[in-house]
Every structure is written in structure tokens, then in C-alpha cells.
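# Structural overview
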Amino acid sequence: MQRTFLRILCLCFWLTGLAAAQAPLLVKPVAGASLPVSASPFGAGAFDGPASVPVVIPTADSVPLVAPAVLPRMAPELALQVCRGRSVVQAEQLASYSATTLIRAQLPDTSQSGEYEVQQRYLAPRTLAFKALRFTGDAFVKTNVIVRLLQSEVEHLQKDDPELNAISPANYKFSYKGTSQLNGRTVHAYQLKPRQKRAGLFKGRIYVDAYTGSLVRAEGRPVRSPSLFIKKIDFVQDYADIGLFTFPVHIHSEASARIVGRAIVDVYQRDYQPVANTVANTAVAAQPVPAL
């Protein structure tokens with residue numbers, strides 16, 4: 001990864017490995033039990049809304065109707081805690097997935113660009129393969145930007161330790177920055193400060209759904225450049241819930257290199273087909289959310 005500036009773009013892809021570690025906790029409320037309200041260091045209770053329990057409404061002909069469940073809005077500390085818990089559970093539950101990936105790369109200073117569509121296949125825990133579907137654009141961009149990026153992503157998955165790059169208290173300090181709307185969702189925003197200046201970590205923000213604890217967006221800049229040829233890299237990555245899991249759907253990254261200037265890469269992922277590890281489902285479902 002450190003031998004050419006083109007391969008540093010794969011740093012932005014470490015979030016893909018993170019997304020492969022996002023899944024909802026399989027926790028069911030006990031009938032008749034109330035959800036506790038806990039104190040929060042952010043100044044709010046753990047819940048500020050009704051419990052997420054279906055309500056049975058009797059009708060005149062005695063046919064019960066089930067009203068849509070209303071999820072409670074989580075306090076900032078709880079949303080962050082659930083987000084981390086989802087990553088732990090998904091790491092155990094996700095057996096494999098396939099997806100269609102579209103990569104668009106540009107070198108504005110040389111007016112070169114390319115668009116490559118591939119079929120992506122992941123098999124837990126460390127197998128990732130790509131099958132070419134189509135390419136348009138400059139051959140230089142294909143060979144020296146996109147193909148190298150895909151190769152680096154495979155190497156990253158095979159060699160790196162996910163726990164060293166995970167968004168966790170062991171790797172980051174968190175600072176709450178308030179609530180906002182993002183893509184039609186109410187999210188809690190957190191500033192992240194890495195505890196170490198280590199490759200794979202970044203300085204920036206994450207946005208977590210205030211009702212589900214799903215990771216919605218991560219943005220920022222790696223704290224350490226892997227090459228002297230690179231001045232900086234900035235990225236924004238969006239996520240979406242697909243069934244029981246959370247996956248990356250778009251990443252925009254811009255790198256400033258000393259030789260070729262700017263390199264802009266957009267990666268779009270769609271048509272996810274995840275496969276759950278049913279054996280792990282029952283073993284992991286009852287685990288509590290890890291404390292921060």
C-alpha cells in the first residue's frame with residue numbers, strides 16, 4: 001500500500017470492512033416489562049419516547065389489529081452504544097454477500113477518467129473477489145487507479161485486523177455534536193478523535209440514526225498518510241440498512257497527490273444479497289450491547 005500513491009485510496013475503503021460489521025441487535029422486549037430510563041452524560045435519558053412494542057387494539061368484531069410499532073428516540077450515549085453493538089453482532093452473523101459495485105475515478109489535472117462496474121462477492125471472514133462487468137474511459141485510469149484500488153481492498157481484508165480500525169472506545173474519543181437531519185433521518189452526530197496516529201484511523205465525524213442506532217454516515221480524513229506522495233485524503237461514506245445488516249452504498253473520496261494532482265473516486269454499491277449465519281444468530285442474539 002505504501003509503494004504507490006494510487007493505492008492509498010484504499011484507506012477510504014476500510015469503512016467497507018466496518019460496514020461488514022454493522023447489524024441490528026436481535027433483542028425482543030419482554031411482555032409487560034417497562035424500559036428503564038438511564039442517566040446520560042449528554043444530559044438526556046436513555047429513552048425519551050414510548051417503547052417499541054406492538055399495541056393490540058380491539059375492534060367491534062373482536063378482530064385484533066396490531067398498530068405499527070413506534071421506535072423510541074435514543075439518547076446520544078445509547079445510540080452510540082447500540083451502533084457499536086450492531087457492529088459486533090453483524091461480524092458474527094454475516095456469512096456472505098454479493099453486490100454490484102460501480103467505480104468512477106477522475107484525474108482532473110490530466111483530464112482522464114474511467115468507470116468500472118464489477119460484481120463483488122464477500123465470504124466471511126477474509127475472502128473478497130471481484131468479477132468485471134464493463135469498463136469505459138481511459139485505460140490508464142482503469143489499470144493504475146481502479147484495479148489497484150480493488151486489489152488493495154482485497155489485501156486490506158486479508159491482512160488487517162478489523163478491531164484495530166473499528167469505531168470503538170478503544171480506538172477513538174467521542175464528542176457529541178448534536179442532532180440533525182440527514183437523508184430524511186434524525187441522526188446524532190459525534191466528533192471522533194483517534195487515540196493513536198495509526199494507519200486506518202481517521203479524524204472526523206460519524207452520524208448515527210437516533211431511533212435504530214444504525215450508522216448513517218462517516219466522514220473525515222485519515223490521521224496518517226501511507227505515502228510521501230500524498231498530501232491529504234478526504235472522504236464521505238453513506239450507509240443503508242439492507243435487511244438485518246448495514247452496508248456502504250456510496251463513498252466519495254478526494255486525494256491530493258504531489259505528482260498527478262487530484263484524484264477523485266466515487267464508489268456506488270447496490271443490489272446487496274446478504275446471507276446470514278443462522279448458526280451464529282442464536283448464539284449472538286442474546287449478547288448485551290457492549291458498554292462504552
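Residues numbered from 1 in each chain as written. Predicted model: local features only at pLDDT ≥ 70, side-chain atom pairs only at ≥ 80, totals over all residues. Heavy atoms only, no water.

Moving on: the pairing of strand β11 (residues 245-257). Taking burial as the measure, the 13 residues of β11 include 10 buried ones, the bulk of the element. The pairing of strand β10 (residues 230-242) with β11 spans 12 bridges and is antiparallel. Across the sheet, residue I233 finds its bridge partner in β11, namely A255. Following β10, the chain reverses through two residues before pairing antiparallel with β11; G243 in that reversal takes a positive phi of roughly 60 degrees. Taking the residues between adjacent antiparallel strands as the criterion, β11 and strand β12 (residues 261-276) are bridged by three residues. (Buried < 20%, exposed > 50% of the residue type's maximum accessible area, 1.4 Å probe, protein only. Helix = DSSP H or I, 4+ residues; strand = E, 2+ residues; numbered from the N terminus. Pairing = 2+ DSSP bridges.)

Within the secondary structure layout, K197 lies in the loop between β7 (185-194) and β8 (202-209). Relative accessible area serves as the criterion here: at 65%, K197 is assigned to the exposed category. Residues K197 and N171, 26 residues apart in the sequence, show an inter-C-alpha distance of 9.9 Å. Non-local contacts of K197, meaning those with residues more than four positions away in its chain, are made with V223 and R224. (Contact = heavy atoms within 4.5 Å.)

Moving on, we get to the environment of T100. Looking at where T100 falls in the secondary structure, it is placed in strand β3 (residues 94-107). Relative accessible area serves as the criterion here: at 8%, T100 is assigned to the buried category. The residues contacting T100, other than those within four sequence positions of it, are E117, V118, Q119, L133, Y268, Q269, R270 and D271. A polar contact of 3.4 Å, which involves the side chain of T100, links it to the side chain of Q119. (Polar contact = N/O pair within 3.5 Å; in protein donor to acceptor, adjacent residues only side chain to side chain.)

Taken by themselves, the reported measurements are silent on function.
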